[in-house]
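# Fold and geometry: a report
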Amino acid sequence: MRAITALFFLFCFLVPSALAQLRLGFYGRSCPRAESIVANVVANRFRRDRSITAAFLRMQFHDCFVRGCDASLLIDPRPGRPSEKSTGPNASVRGYEVIDEAKRQLEAACPRTVSCADIVTLATRDSVALAGGPRFSVPTGRRDGLRSSPNDVNLPGPTIPVGASIQLFAAQGMNVNDMVTLIGGGHSVGTAHCSLFQDRLADPAMDRTLNARLRSTCRAPNDPSVFLDQGTPFTVDNAIYGGIQRQRGILRIDQNLGLDRSTRGIVSSFASSNALFRQRFAQAMVKMGTIKVLTGRSGEIRRNCRVFNNGR
């Protein structure tokens, strides 16, 4: 409890504007079972598919870094009306059906009360804990956005230079430490298709054993995928940072975090201490969850996470 309280006060200091209406236990009276309903739905899926943690981390990042954490990513495209979900960077995002199930149960228990944006935040938080990552509290009270356009999507690719990535995160109010924490933490349980890291296979500095294994895998048809953390691929931990230090970063952006002088010290500190990584990862996840949130009377509470309430 003491650790949660300390984390919350740090959060208050970092993002006071978002806390005007986001708070811990927001649904305490309006929907007391809200968080437990989401947790149970996520746990049921995790028992069958441990990769769902990576899916939710990707989903929350791809949602928050476009128009803020407003569930705009969840809107389905319609004929003549594409959405964020239509774009190339979001083609690999999955797990929408888990959000749908949580929303279905929440609508039965507390109609038009719990936002899809909060469901994504809670589901990601719960899946991280199930995958051995830190347990942390997140404030709730987000509302759902009213716009979802592919023109708004500008997400970093796997070869983005560190400097450009720093600028992209800074535009969202996130610092260099947040960037290294979220990229490494997200990739600790992620996968990538071979087509996304061909540049690394041509890098003579890459660990030879890993390079040979990846080349063998990537000779198979249909663009196979591999774990970004070859050691503990289903655990949210610091192992990927140690791999980066040994030239075992599979994506170019991961390896560059260990080479660039603005980030290599952070990589080294996380590689040396899983406790430090866990603390910083929890802080960064809470902070990311406050990016440009809608609260109060802004936006809406969708009845169906895939469709705006007015049906457009």
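A quick note: this is a predicted structure, and the numbers were derived from the prediction, not measured.

### Quick look at the overall build of the protein
Secondary structure assignment for the protein yields 13 helices and 2 strands. Taken against the 2.2 N^0.38 rule, which gives 20 Å for 312 residues, the C-alpha radius of gyration of the protein at 19 Å falls within 12% of a compact globule. In terms of overall dimensions, the protein has C-alpha extents of about 55 × 50 × 35 Å along its principal axes. Of all 312 residues assigned to the protein, the portion counted as buried reaches 53%. Here the analysis covers contacts within the protein between residues at least 6 apart in sequence; of these, 77% occur between residues at least 24 apart. For the protein, the accessible area works out to roughly 13,800 Å², and carbon and sulfur atoms hold 51% of it. Taking the average place of the 41 positive charges on the side chains of the protein and the average place of its 24 negative ones, the gap between the two points comes to 3 Å.

### Comments concerning the packing of helix 3 (residues 52-67) against helix 4 (residues 96-109)
Running from N to C, helix 3 and helix 4 point in directions that differ by 85°, and their axes come no closer than 10 Å. As summarised for this structure, helix 3 and helix 4 are arranged roughly perpendicular, according to the angle between their axes. Here Ile-52, Phe-56 and Met-59 of helix 3 lie close against helix 4, whose contacting residues are Tyr-96, Val-98 and Ile-99. Grouping the amino acids of the contact of helix 3 with helix 4 by side-chain chemistry returns 6 nonpolar, no polar and no charged.

### Things to note about the nonpolar core
If you look at soluble globular proteins, the nonpolar side chains tend to sit buried side by side. In terms of nonpolar packing, the biggest core is built from 84 residues, with Met-59, Phe-65, Leu-74, Ile-99, Phe-169, Phe-197 and Met-288 touching the most fellow members. Sorting elements by how many residues they give to this core places helix 3 first, with 10 residues. Every residue in contact with Met-288, bar those within four places of it in the chain, is listed here: Gln-60, Phe-61, Cys-64, Phe-65, Cys-69, Met-174 and Leu-182.

### Section: the environment of Phe-308
In this structure, Phe-308 sits in the segment after helix 13 (274-288). In sequence terms Phe-308 and Asp-152 are 156 residues apart; their C-alpha atoms lie 17 Å from each other. The residues contacting Phe-308, other than those within four sequence positions of it, are Ile-75, Gly-145, Leu-146, Arg-147, Ser-148, Glu-300 and Arg-302.

### So, the pattern of salt bridges
For the structure on display, the rule yields 19 salt bridges. Between Arg-125 and Glu-35 there is a salt bridge, with its nearest N and O atoms 2.9 Å apart. Residue Arg-125 is found in helix 5 (residues 116-130), and its partner Glu-35 is found in helix 2 (residues 34-48); the two are separated by 90 residues along the sequence. On the accessibility criterion, Arg-125 (10% relative accessible area) is buried. Classification of Glu-35 as partly exposed rests on a relative accessible area of 28%. Between Asp-49 and Arg-94 there is a salt bridge; the shortest N-O distance is 3.5 Å. With Asp-49 in the loop between helix 2 and helix 3 and Arg-94 in the loop between helix 3 and helix 4, this pair connects stretches of sequence that are 45 residues apart.

### Considerations on helix 5
End to end, helix 5 covers 21 Å across 15 residues, agreeing with the expected 21 Å (1.5 Å per residue, within 8%). With 14 of 15 residues buried, helix 5 is to be regarded as a mostly interior element.

### Here's the deal with helix 3
In a regular helix each residue adds 1.5 Å, so 16 residues correspond to 22 Å; helix 3 covers 23 Å between its end C-alpha atoms and thus fits that length. Positive backbone phi, at 95°, marks Gly-68, one or two positions downstream of helix 3.

### A short note on the UniProt feature "domain: Plant heme peroxidase family profile" (unreviewed entry) in the protein
Look at the UniProt record and you will see "domain: Plant heme peroxidase family profile" (unreviewed entry) annotated at residues 21-309. Across residues 21-309, the secondary structure splits into 47% helix and 2% strand, with the terminal C-alpha atoms separated by 22 Å.

### A look at the packing of aromatic side chains
The description of an aromatic ring pair uses the distance of the two centres, along with the angle that the planes make with each other. Here the structure, examined in full by the defined rule, presents 9 aromatic pairs. Their ring planes at 85° and their centres at 5.0 Å tell us that Phe-26 and Tyr-27 sit as a pair that is edge-to-face. Look at Phe-26 and you get partly exposed, because its relative accessible area is 26%. Looking at Tyr-27, the relative accessible area reads 4%, which means it is buried. Feature note: the residues Tyr-241, Phe-270, Phe-277 and Phe-281 constitute an aromatic cluster, connected by ring pairs. Of note, Lys-85 hangs over the ring of Tyr-96, and the distance from its end group to the ring centre comes to 4.0 Å.

### Considerations on the state of the cysteines
In this structure the tally under the stated criterion is 4 disulfides. Between the sulfur atoms of Cys-64 and its disulfide partner Cys-69 the distance amounts to 2.0 Å. Disulfide Cys-64-Cys-69: the torsion about the S-S bond is 120°, which places it as right-handed. In the protein, the bonded cysteines, numbered by position in the sequence, are linked as 1-4, 2-3, 5-8, 6-7.

### Considering the layout of surface pockets
For the largest pocket, the calculated volume is near 1,000 Å³. In this structure, the largest pocket is lined by 39 residues; those nearest its centre are Arg-58, His-62, Ser-92, His-187 and Thr-191. Contributions of two or more residues to the lining of the largest pocket are made by helix 3, helix 6 (162-171), helix 7 (176-187), strand 1 (191-193), strand 2 (225-227) and helix 13. The element best represented in the lining of the largest pocket is helix 3, accounting for 6 residues. Across the lining of the largest pocket, the residue classes break down as 25 nonpolar, 12 polar and 2 charged.

Each value, and the rule that gives it
- Residues numbered from 1 in each chain as written.
- Predicted model: local features only at pLDDT ≥ 70, side-chain atom pairs only at ≥ 80, totals over all residues.
- Heavy atoms only, no water.
- Helix = DSSP H or I, 4+ residues; strand = E, 2+ residues; numbered from the N terminus.
- Rg over C-alpha atoms; globule rule 2.2 N^0.38 Å.
- Buried < 20%, exposed > 50% of the residue type's maximum accessible area, 1.4 Å probe, protein only.
- Contact = heavy atoms within 4.5 Å.
- Areas by Shrake-Rupley, 256 points an atom, 1.4 Å probe, with all protein chains shown as cover.
- Lys, Arg positive; Asp, Glu negative; His and termini not counted.
- Charge placed at Lys NZ, Arg CZ, Asp CG, Glu CD.
- Axes fitted to C-alpha atoms, helices over the stretch in contact; angles between N-to-C directions.
- Parallel < 35°, antiparallel > 145°, perpendicular 65-115°, else oblique.
- Nonpolar A, V, L, I, M, F, W, Y, C, P; charged D, E, K, R; others polar.
- Core = buried A, V, L, I, M, F, W, Y, C linked by side-chain atoms within 4.5 Å.
- Salt bridge = Lys/Arg side-chain N within 4 Å of Asp/Glu carboxyl O.
- Expected span 1.5 Å × (residues − 1).
- UniProt positions renumbered as here; feature names shortened; annotations may be inferred.
- Phe/Tyr/Trp six-rings, centres within 6.5 Å; stacked < 30°, edge-to-face > 60°.
- Lys NZ or Arg CZ within 6 Å of the ring centre and 35° of its normal.
- Disulfide = S-S within 2.5 Å.
- 1 Å grid on protein atoms, 1.4 Å probe; cavity = no way out; pocket = protein on both sides within 12 Å on 5 of 7 lines; lining within 4 Å.
- Points joined across faces, edges and corners; volume = space filled by probe spheres on them.

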